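In case you want the letters, here they are:
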Amino acid sequence: MSPEAHSAPRSLAEALRVRDDASLGALLRSRPDLITPVPSDLTQLATRAGTRASVLRALERLDRFALQTAEALAVAPDPASYGTLLGLMAGDAGDETVAAALPRAVGTLREQALVWGDDDRLRLVRTARELLAPSPQHPSPTGLGPTVQEATPGMSPGRIQEIVTTAGLASTHDSVSAVAALTALFTDRKKMTKLLAGAPEAAREVLSRLVWGPPYGQVTPDPAAHLRWLLDRGLLLPTAPGTVVLPREVALHLREGRAHREPEPLPPVVEPAASHSPQVVDATAAGQAYTALATVEELLKEWDEGGPAVLRAGGLSVRDLKRTAVALDVSEPVAAFWVELAYAAGLLASDGEADERYAATPAYDEWLERPAAERWARLAEVWLAGTRTPGLVGGRDAKDRTLSTLGPGLDRSAAPEVRHRVLTLLAGLPQGAAPDAESVLARLRWERPLRGPQRDEDLRIRLARWTLSEAELLGVTGRGALAAHARALLGAPPAPTPGSPEPGTPAAPAAGSPTPSGPGDKLPVHHHRPPVSHAPLSPAEQAVATAAAARLLAPLLPEPLDHVLLQADLTAVAPGPLQRPLADMLGVLAEVESKGGATVYRFTPASVRRALDAGRTAVDLHAFLAQHSRTPVPQPLAYLIDDVARRHGHLRVGAASAYVRCDDDNLLNEIVADKRAAALGLRRLAPTVLAAQSDPATLLEGLRAMGYAPAAESAEGDVLITRAHAHRTPPRTAPDPVPDGPPPPDATLLAAAIRAIRAGDLAATTPRKNTGTPLAGGELPRTSSAETLATVQAAVLTGESLWIGYVNAEGTASQRVIAPIRVEGGFVTAYDHTADEVRTYPLHRITGVAELADD
C-alpha cells in the first residue's frame, strides 16, 4: 500500500500495520530479538522495537553512514522532512555522493523500524532519539549542543530580552516569542553572516574551537571582552555556573548546515597489498593445511596417554601451555590456538576422572580415519563458526582473573561474524590478491562503528587481526590471499576480475534514475534494502560448502608415502607425509628429531624399548624396517635393536608394593649395591627376588634411569604390553558456540511469526459494538457464562463473527475473532480468523464475548 493510499501514520504501530509481509519479514530477519517470543500483535511488536535493549542492539548493527543519518535525525526537528535531513547530511553546498547514498540509509532505518513516517514527516523512534540526542551527560556524536529553546529555560526573562535587543532584534512581550526570534535569527544564513562579521577576532576563535564539539566551555565570573560579546548576543548561552554552550543553531551556521564534519556515505575500499599467482596461493595454503593437520595430530599424540591436569578453575596451566609449545615447536599463543581448535572440534576434552586430565576423545580416532582433506575441512568449519577466542589467553576477565587456555571466559559471540566478514572481504578481492590489513580494519570500523571505534584495543578489531593470522596458520589463506578451497568453504562465488565492484559496496545509481535530493522528492517507504548480507550459511548450506572445500583441497595435498630412507647414523628420513600405519609405528619406534618438508626420525635405546613394550619383537622390528626402507637396514641400527631386545624383560617388575625378580642373582646383587637404588627402598626376599617400597611405575623408571631395561609383568607373571594411544576420554561432544543473541529466523519460522502477528493484530483492532463499558487497550472482554453462551448461540444462527477473550490451559490470555459454527457439550466450534483455521474452544475458558461493529 502506497503512502498516498492511507493517512499518515500516527505511531510506529500504525506504520508497521501498513507494511506488507515481505517488509515485516525483513524487519524480523534483521532484528530477530523482536520475535523471541513472538509478539501477540503489531502494537506489541512496535513496543518491543522501541525498548532500550532492542534499539541499542539495532544501532550497533548499523553501518557508519546509516548511523550518521540516525544521529542527524536525532538533532533535527521532530518530525523532520527528507529535505531537512538531506541538508543536515550534505550541508548548504550539497554533496552528490551523500545525496545518492542517503535513500539507502533512510531505507535501512525504516526497514529496521528505527525511523517511521512519510518523507515529509520522518520520525526517529523515541528511544533512539534519547540515545543519540545531545545532553551534558551524553554528548552527541555530531558534536552539537542543545538548541536555543533547550538551553534557555533557566534564564530570567529580563536576561533573554537583553540578549534579543543586543543581537539587533526588537524586544518582545514574553520569553517564548523572544526565544523564537533568537532562533529565527540564528537560522537565517544572511543575518547570521552579518552579525558575525562584527565579532572580534578572539570571539571568532572561540567559536571555531567549539563548532565541531564538544560544544561546552568554561568562563570566569568576569569574562573577557570577546566572551562578553558572545554572551550578550546569545552566541554562547550559560547552562550552569561557569559553564557555557554553543547553541545548535549557531554551530550549524558555522558548519554550513552539516551535522557531521566528515559524512562517510561509502564504505572504505579493501585495498590489495600484494598480488600472487592463484596457483602459488593455493599451493601455499595447501602446504599450511597439511602442516595444520600434522600439528593437531602431534598435539594429540603428545596427550594420548593422558595430557596435562585440569586446573581447579578449569583450563590449562601456564606451565603446561609452555610445555605444549615446546613440544610443538611453536610460540605459546600459537600453541593456545591449536589446543583450542582441537577442543572446539571435539578431538580433546577432560577425562572426567578424579585426577582430571586432558586427553583425546573417541572422536579423534574417527577423525584420523578420514581423508586428509576432509579432516582439514572439519577443522576449518569449526574455526569459522566457533566462539572460542584463543587470542584472549593471558588476558584478564572482568574479575581480574587470568584467562587460561581451555578455561572459561574465552567465548566471544562476535567471533564467528567477524571471521566470516573478514574472509568475505578477502573473497571480494581479485584471485591471488592479499589485502592491506589496515584497509580491512577500516572497512570493519565503517560497517560496525558502535562496536568498532577507531582504536586497536577494541575487541572487534582484535578479532579481525587474529582472524588474518589464524587463517594463515590454518591454510585458509596462502601468502595473505584467500585460497580457492577457502572460498568454497564460505560458499562464495568465483573470484571477481580486477575492476569489478567489491561485494557489499552500494551500487551507484543508474544513469537517469531519480535521486531524491530535496524536500519535495518522494521516496518509497518500503522499497529500500541494505547491501547484500554476508551472514554465515545455514547448517545444510555449510555442509555442502565444506564438502566442496574438501574436494578442491584434496588434489593439492601431498600423497602419503609408504617408505623411509634409513641412514647409518641411526636416523630415518621421511621425504614426505607417511601413510598412517607407517607413521604410527615409526612414531613408537623412533623419536622425531626435526620436522619440515622432510621429517627426520632418530632411533634410540629408549625408543626401541618403547616398541618392545608395545608388544613387538626384534624379528618384527627388523622385518618392518626392511619392508619400508628404500635403503638397506644399516648395521648399527640392527645391532641397536638386537642389543635392546636381548636385555629387554631380563628383569621383571611387579606389585608387592613392587618387586624385582631375575634369574641372574649376580645382576640383583649389582642393583642392590648401586647407591642410585637407595631411593627405591630395595631389599632381597629371595636369591632371585627383590622387594621395593616404591610403586611399580616408579620402580620401572628408576631402574631404566640406572641403565637397565626392565619389563613390567602382570599378577600372573606375564609381560605387560603397553600399547600406545590407549587413554581416551568418554564420548564427549564438541562445545557449542555461544550465540550472539537470538539466531536469525528461518523462512518457516518467519512465515509462522508474521501470520501469528497479523492474526493477533486483527483480533486486537477489529471494531466492536459499544457495550457501554469501554475496555483499555489489550483488556479482555468480560461477560457472564450465561451471556457468553447466549451470544455464541445467536452468532451460530446469524453467521456473525465475535470478538472473544480466551485463556488457554497454560494461563496465557489472548484476543480472537471467531465465526461460531456450532455449540455443544460445553464447547464452541468456530472458524478462528486469527489462526485461519477451524478450532474448538471450551466455553469455560472464554472470559467474555463482544459483537463486532457493523462496519
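Here's what I pulled together on the structure shown here. Predicted, not measured: the structure shown is a model, and the values here were computed from it.

Here is what the cut-offs are and how they apply
Residues numbered from 1 in each chain as written. Predicted model: local features only at pLDDT ≥ 70, side-chain atom pairs only at ≥ 80, totals over all residues. Heavy atoms only, no water. Pairing = 2+ DSSP bridges. Helix = DSSP H or I, 4+ residues; strand = E, 2+ residues; numbered from the N terminus. Axes fitted to C-alpha atoms, helices over the stretch in contact; angles between N-to-C directions. Polar contact = N/O pair within 3.5 Å; in protein donor to acceptor, adjacent residues only side chain to side chain. Salt bridge = Lys/Arg side-chain N within 4 Å of Asp/Glu carboxyl O. Buried < 20%, exposed > 50% of the residue type's maximum accessible area, 1.4 Å probe, protein only. Core = buried A, V, L, I, M, F, W, Y, C linked by side-chain atoms within 4.5 Å.

## Focus: the sheet that holds strand E4 (residues 237–240)
At step 1: Taken in spatial order, the 3 strands make up an open sheet running E3-E5-E4, and their pairing is antiparallel. Across the chains shown, the open sheet's two edge strands, defined by having one partner strand only, are strand E3 (216–218) and E4. Across the sheet, the mean angle from the axis of one strand to that of its neighbour is 40 degrees, orientation sign disregarded.
At step 2: Direction of pairing for E3 relative to strand E5 (residues 243–245): antiparallel, over a ladder of 3 bridges. In the strand pairing of E5, tyrosine 216 is matched with valine 245.

## Some thoughts on the environment of aspartate 695
At step 1: Positionally, aspartate 695 belongs in the loop between strand E19 (689–692) and helix H31 (696–705).
At step 2: Residues aspartate 695 and leucine 680, spaced 15 residues apart in sequence, show a C-alpha to C-alpha distance of 9.0 Å.
At step 3: One polar contact links aspartate 695 to threonine 698, side chain to side chain, over a distance of 2.8 Å.

## Description of the pattern of salt bridges
At step 1: One pass over the full model with this rule turns up 37 salt bridges.
At step 2: A salt bridge links aspartate 78 to arginine 129, with the nearest nitrogen and oxygen atoms 3.9 Å apart. Note that aspartate 78 is positioned in the loop between helix H5 (64–75) and helix H6 (82–90) and arginine 129 in helix H8 (residues 126–132), a separation of 51 residues in sequence.
At step 3: Note on aspartate 78: relative accessible area 41%, which makes it partly exposed.
At step 4: By relative accessible area, which is 17% here, arginine 129 ends up buried.
At step 5: A salt bridge links aspartate 365 to arginine 728; the nearest nitrogen and oxygen atoms lie 2.8 Å apart. With aspartate 365 in helix H19 (residues 362–368) and arginine 728 in the loop between strand E20 (711–712) and helix H32 (747–765), the pair connects residues that are 363 residues apart, well separated along the chain.
At step 6: On the basis of relative accessibility, which here comes to 32%, the residue aspartate 365 falls in the partly exposed class.
At step 7: Each of Arg159, Glu162, Arg228 and Asp232 takes part in a single network of salt bridges with overlapping partners.

## Looking at the nonpolar core
At step 1: Membership of the largest hydrophobic core comes to 90 residues, with the highest contact counts inside it found for Leu45, Leu235 and Leu236.
At step 2: Take this core: its biggest share by element is 8 residues, from H5.
At step 3: Listed in part, the 73 residues of the second largest apolar core include Leu300, Leu316, Ala377 and Leu406.

These figures come from the coordinates and say nothing about function on their own.
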